[in-house]
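Single-letter residue listing:
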Amino acid sequence: MANAASGMAVHDDCKLRFLELKAKRTHRFIVYKIEEKQKQVIVEKVGEPILTYEDFAASLPAEECRYAIYDFDFVTAENCQKSKIFFIAWCPDVAKVRSKMIYASSKDRFKRELDGIQVELQATDPTEMDLDVLKSRVN
């Protein structure tokens, strides 16, 4: 099923990996990439639960756009352990204009395929998605 705006399909593995993260917590993060030649979104990298936020941030390319899911664990003011699933649209300023346009036009449809996203972030540089930003968005 392709998106009319961008023509991008979503590979079944994208949804499967997301469900594993959401239900079984078998992943800390998932990085998705648009394969232009195949006209679909695919899973580029899956992070194990033991990996840190720094590992996740390092897995995003400095000059290319990506979609990412991050399972953020935190402790509330009431001292309760919780987690939120973040959708991050990573689109660095130095990325190619064509790439930015394709990712922007495909984002909403791709997000609809992943049922259970709790917080969305748009980031153009690492400071827009650092741990302090995530912490400020969970409340």
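These notes cover the structure that comes with them. These figures come from a predicted structure and were not determined experimentally.

**Digging into the overall build of the protein**
Step number 1: Scanning the protein from terminus to terminus reveals four helices and six strands.
Step number 2: For the protein, the α and β elements follow one another from N to C terminus as β-α-β-β-α-β-β-α-β-α.
Step number 3: For the protein, the C-alpha atoms occupy an extent of roughly 45 × 30 × 25 Å along the three principal directions.
Step number 4: On the protein, roughly 7,800 Å² of surface is accessible, and the fraction owed to carbon and sulfur atoms is 51%.

**Description of the pairing of strand β3 (residues 40–47)**
Step number 1: Alignment of strand β1 (residues 9–10) against β3, held across two bridges, turns out to be parallel. Bridging across to β3, V10 finds its partner in V41.
Step number 2: Relative to β3, strand β2 (residues 29–35) runs antiparallel, the two sharing seven bridges. By the bridge assignment, F29 is partnered in β3 with G47.
Step number 3: In this antiparallel pair of consecutive strands, β2 and β3, the connection spans four residues, and K39 shows a positive phi of 55°.

**Here we look at the pattern of salt bridges**
Step number 1: Across all of its chains, the model carries 13 salt bridges by this definition.
Step number 2: Notably, a salt bridge pairs D13 with R17, separated by 3.6 Å at the nearest N-O pair. Highlighted residues: D13 and R17, both in helix α1 (residues 12–24), separated by four residues, approximately one helical turn.
Step number 3: One salt bridge connects R17 with E20, and the closest N-O pair in it is separated by 3.3 Å. Pair noted here: R17 and E20 are both in helix α1, with a separation of three residues, about one helical turn.
Step number 4: Taking relative accessible area as the criterion, R17 reaches 27% and is therefore assigned partly exposed.
Step number 5: Of the residues examined, E20 reaches a relative accessible area of 17% and is grouped as buried.
Step number 6: Here the salt bridges share partners, and the residues they tie into one network are R25, R28, D71 and D73.

What counts as what
Residue numbers run consecutively from 1 along every chain, following the written order of its sequence. Thresholds applied to this predicted model are a pLDDT of at least 70 for local features of residues and 80 or more for the giving and counting of side-chain atom pairs; totals over whole chains, interfaces and linings are not thresholded and use all residues. To obtain the side-chain values, all non-hydrogen atoms of the structure were included, while hydrogens and water were left out. Note on conventions: DSSP H or I runs of at least 4 residues are helices, E runs of at least 2 residues are strands, and numbering of each starts at the N terminus. Shrake-Rupley sampling with a 1.4 Å probe provides the accessible areas, and residues are treated as covered by the protein chains on show and by no other component. The criterion for strand pairing is that DSSP finds at least two bridges linking the strands in question. Every case where a carboxyl oxygen of Asp or Glu lies within 4 Å of a side-chain nitrogen of Lys or Arg is listed as a salt bridge. Each residue is assigned to one of three classes by its accessible area relative to the maximum for its type, calculated with a 1.4 Å probe on protein chains only: buried under 20%, partly exposed between the two thresholds, exposed over 50%.

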